[in-house]
Amino acid sequence: MPELPEVEVVRRGLDDHVSGRTVASAVVRHPRATRRHVAGSEDLAARMVGATITGTARRGKYLWLVLDDQDALLMHLGMSGQMLITPSDAAVGAHERARFSFTDGGSGLRFDDQRTFGHLMYDEGGAVLPSPITHIARDPFDPEFDQASAIARIKTRRAGIKRALLDQTLVSGIGNIYADEALWAAKVHGETAASSLSESRISALIDAAREVMAAALAQGGTSFDSLYVDVAGSSGYFSRSLSVYGLAGHPCPRCGTRIVREQFMNRSSHFCPVCQRER
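Residues numbered from 1 in each chain as written. Predicted model: local features only at pLDDT ≥ 70, side-chain atom pairs only at ≥ 80, totals over all residues. Heavy atoms only, no water.

**Some remarks on the nonpolar core**
Of all hydrophobic cores here, the largest spans 32 residues; its most connected members are Ile154, Ile161, Ile174 and Leu205. Among the elements of the structure, helix H3 (147–155), helix H4 (161–166), helix H5 (176–186) and helix H6 (199–218) are those that each provide at least two residues to this core. The element best represented in this core is H6, accounting for eight residues. Aside from chain neighbours lying at most four places away, what touches Ile174 is Glu3, Lys61, Leu165, Leu166, Gln168, Ala179, Ala209 and Met213. By size, the runner-up hydrophobic cluster in this structure holds 29 residues, among which are Val10, Ala51, Ile53 and Leu63. (Core = buried A, V, L, I, M, F, W, Y, C linked by side-chain atoms within 4.5 Å. Buried < 20%, exposed > 50% of the residue type's maximum accessible area, 1.4 Å probe, protein only. Helix = DSSP H or I, 4+ residues; strand = E, 2+ residues; numbered from the N terminus. Contact = heavy atoms within 4.5 Å.)

Laid out in structure tokens, this is it:
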């Protein structure tokens, strides 16, 4: 699933290509794409026509188009969602779920989603923060991110620190890839109880997450397959710079011990058993 760097890459691309443009037409080709929009696909499409995109925004793994400085088209990419800038006369894609054209006649915007876990939702009055995501915490790149408060929230959790890092109500944007990378950088085992860590240790973990995500953002995000691409259809290259994630059996870049992969919920954890001893 795209995490903060990948979603931010998409947001920046959308900001460059669609901000200031007015929607001429909107077509939703698959009802699952708008399943969170209670009024249905036709209502969402009708609301979009005539709206001017006055900006873009993001919180954690969610992004949205700001419409007429007051409403929002909220987007979540799910496992395979792609927002693509395409020629206005491009043929319908195999996994195309929605398309928007603009009054200037230039390139259109397309939402593709092979696995159909992503979604679009129109939120009236949601320009600053769409109502469905008010429970999502600020992320480490947010100018108003309060690190001390985030540390205090994390420290109340008895669960393992990796679970706490993945809890989007505590701190948002960090997913499985960057949690593993941050834990390795800070030399912390993911099953260490969050409440047992000192405030300085948790702060170091958040700093490590911010640093690794910033490095990923600079390289266009992390792509393991063709499902994550930017608005131009290009992949990110940070996968070449990962230290532990997806590298089971490879030597730890720090001590040379083989990286271990273990089951974690319905995902995997990757770590160095020497650098990250469980305490």
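**Concerning the side chain of Ser243**
With respect to the helices, strands and loops of the structure, Ser243 is situated in the loop between H6 and strand S9 (260–264). By relative accessible area, Ser243 is classed as buried at 15%. With near-sequence residues (within four places) excluded, Ser243 lies in contact with Glu181, Trp184, Pro253 and Ile259.

**Describing the packing of H3 against H6**
Packing of H3 against H6 brings their axes to within 10 Å, and their N-to-C directions diverge by 115 degrees. Between H3 and H6 the crossing geometry is right-handed. Contacts between H3 and H6 involve Gln147, Ala150, Ile151, Ile154 and Lys155 from the former and Glu199, Ile202, Ser203, Ile206, Asp207 and Arg210 from the latter. Taken together, the residues of the contact of H3 with H6 sort by class into five nonpolar, two polar and four charged. (Axes fitted to C-alpha atoms, helices over the stretch in contact; angles between N-to-C directions. Left-handed = near helix turned anticlockwise from the far one by under 90°. Nonpolar A, V, L, I, M, F, W, Y, C, P; charged D, E, K, R; others polar.)

**A look at the packing of aromatic side chains**
The description of an aromatic ring pair uses the distance of the two centres, along with the angle that the planes make with each other. Under the counting rule described, the total for this entry stands at zero aromatic pairs. Lying over the aromatic face of Phe264, Lys162 brings its terminal NZ or CZ to 4.4 Å of the ring centre. Between Arg254 and the ring centre of Trp184, over which it is positioned, the NZ or CZ distance is 3.9 Å. (Phe/Tyr/Trp six-rings, centres within 6.5 Å; stacked < 30°, edge-to-face > 60°. Lys NZ or Arg CZ within 6 Å of the ring centre and 35° of its normal.)

Everything listed is a geometric property; what it means functionally is a separate question.
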